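Letter by letter, the chains look like this.
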Amino acid sequence: MTPMAKFQWLMGGIVALLALSSAIGWVLERRATTPAKRDVVANLRARVRSWWVMVAIFAVAFLLGKGATLVLFAFASFFALREFITLTPTRRGDHKPLFLAFFVLIPAQYLLIGWDRYGVFTIFIPVYAFLLLPAFAALDDDPDEFLSRSAKIQWAVMITVYCISHAPALMLLDIPGYEGQNALLVFYLVLVVQLSDVMQYVFGKLFGRRKIAPRVSPSKTVEGFLGGLASAALIGAAMWWITPFTPLQALGMSAIVVLMGFLGGLTLSAVKRSLGAKDWGVMIEGHGGMLDRMDSVSFAAPVFFHLTRYFFAG
Amino acid sequence: MRPSSALLVGLVRLLVGAYPRWLGCGPEEVQRIYFANHTSHIDTLAIWAALPRGLRRHTRPVAARDYWGRGGLKSYIALKGLNAVLIERARTEQRGDPLEPLYAALAAGDSLIIFPEGTRGAEALPGPFRSGLFHLGSRFPAVQLVPVYLENLHRAMPKGISLPIPLTCTVRFGAPLPRATGEDKAAFLERARGAVVALA
């Protein structure tokens, strides 16, 4: 099958799944009797509507090619960083490093990927940005809370720019026998992560009883996690044909992706709550902000990228 | 909508979101004076971008001639993009009532966006209001006076810094200020300021 044929089959499946979800939401709305149930269903329907939009944007970027996909992720990083910084109590002295982060680091990181500079792309932020961001802040001569201010900005940039950029960075890997299809692997990663979020939500709502860390994330339960892990890993295995993996390898990769995604959601929920918020933002109806959708991607992408590179890239 | 205006609104949303929150009134087609706290050069644009397109057509920001009227890109934005009303701030250049252009705009049926502090403050909460709002309010008693609070913009572009950083900003519209008869200027201005602070 050509990459385009694979993509069409994939989109067909996703559209069918979304149509089914929309139908279920429609039925549930007619059955919801109490106000509490109606709220849950209204949120569910808003989430599904947003999924249609997100899938459409993602599919268009895929069809337009590598450049468009990079621009899409650059914007995802931009909005995620904007949300992170909005919740962070920054001061006037943080203006220079923040300006640098938004208008130099984000374009540079994605350009490096576009130019296939693996060696620079992997160290650019952990080395150069790590050192220069606080240096620029220090030039503003404000020692109050300096370490915690610098650490928050470094954290924000690592998660929202560095980590998220590893998803489109899959396009710069040379995988023997998989030439010209890397964009599908980006799609695969995002799909497995998002499906696992959805399945954890569904299993959690249906069977969730034992909460994992209620103060950090009240909605995460053991039952939701296990249900999400099993179902998303199985779906990931069933989609081996769009990846360079065998079915068994796809199962293992998906399981790791789901596990990392779960840890990402949990960790960033803790970060978000330590900044005093429940949602990262309001951009995506029903979901919250960009980071509420990208939190799991930010943890899963770098690990998926490096495992693929170690074991499958030439 | 003019293309320059559409481009401006798009840019402002990309930078600071400018999400409207209609807390005390709706985005209705009535003549209003929106008055807000003033902490950055993006304030005017943020309120403008938060208004629905239909309202923008009849809503004119008030801008200081000494800053926005000096030609170049800033003037282009103020006059072509925002259809701003320029006023004199410096007392030495005054000839007649500096509020005259605003009276003319209100008499023509337009709504206005004003910053009653007269200048940008360094803090999130507004400083004391100058008397312009009082005069406008007394001369046009039928125009609604709507308090607006701009959140976060003092962090996006603090005074003295020329390039903004992106931050999500909400634009909160409060309930129109009730008119009290026989209220003196100081009491009115303090009440108006309180209405903006109450939205913070």
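Note: the structure precedes this text.
Residues numbered from 1 in each chain as written. Chains lettered and ligands numbered in written order. Predicted model: local features only at pLDDT ≥ 70, side-chain atom pairs only at ≥ 80, totals over all residues. Heavy atoms only, no water.

A. Representation of the packing of aromatic side chains in the model. Evaluation of the coordinates by the stated rule reveals 28 aromatic pairs over all chains. Through successive ring pairs, a cluster of aromatic residues spans A:Phe75, A:Phe78, A:Phe79, A:Phe99, A:Phe102 and A:Phe103. Here the guanidinium or amino end of B:Lys74 rests over the ring plane of B:Tyr67, the centre of that ring lying 3.9 Å away. (Phe/Tyr/Trp six-rings, centres within 6.5 Å; stacked < 30°, edge-to-face > 60°. Lys NZ or Arg CZ within 6 Å of the ring centre and 35° of its normal.)

B. Highlighting the environment of A:Asp292. Residues and elements named next belong to chain A. Here Asp292 shows up in helix 10 (residues 290-312). Since its relative accessible area comes to 9%, Asp292 is described here as buried. Beyond its immediate stretch of four places on either side in the chain, Asp292 contacts Lys272, Asp279, Trp280, Gly281 and His287. Within the local environment of Asp292, its side chain forms a polar contact with the side chain of Lys272, the two groups lying 3.0 Å apart. (Helix = DSSP H or I, 4+ residues; strand = E, 2+ residues; numbered from the N terminus. Buried < 20%, exposed > 50% of the residue type's maximum accessible area, 1.4 Å probe, protein only. Contact = heavy atoms within 4.5 Å. Polar contact = N/O pair within 3.5 Å; in protein donor to acceptor, adjacent residues only side chain to side chain.)

C. A look at a nonpolar patch on the surface. All names here are of chain A. Taken together, the side chains of Ile123, Val127, Tyr128, Phe130, Leu131, Leu132, Phe136 and Leu139 define a hydrophobic patch exposed on the protein surface, amounting to about 750 Å² of accessible area. Mapping Leu131 onto the fold places it in helix 5 (residues 118-138). For Leu131, a relative accessible area of 53% corresponds to the exposed category. (Patch = residues over 30% accessible without salt bridge, like charges linked within 9 Å, V, L, I, M, F, W, Y side chains within 5 Å. Areas by Shrake-Rupley, 256 points an atom, 1.4 Å probe, with all protein chains shown as cover. Salt bridge = Lys/Arg side-chain N within 4 Å of Asp/Glu carboxyl O.)

D. Representation of the pattern of salt bridges in the model. All names here are of chain A. Inspection of the entire model under this criterion finds 18 salt bridges over all chains. Its salt-bridge partner being Glu223, residue Arg210 comes within 3.1 Å of it at the nearest N-O pair. Taken together, the residues span a long stretch of sequence, with Arg210 in the loop between helix 7 (182-207) and helix 8 (222-238) and Glu223 in helix 8 at a distance of 13 residues. Arg210 sits in the exposed class, given a relative accessible area of 53%.

E. Seen up close, unusual backbone geometry. All names here are of chain B. Even without a glycine there, the phi angle at Ala18 is positive, about 50 degrees. One non-glycine residue, Asn152, lies in positive phi territory at about 75 degrees. One can find Asn152 in the loop between strand 6 (144-150) and helix 8 (153-156). Residue Asn152 is classed as buried on the basis of its relative accessible area, which comes to 11%.

Spatial relationships are all this shows, so hold off on functional conclusions.
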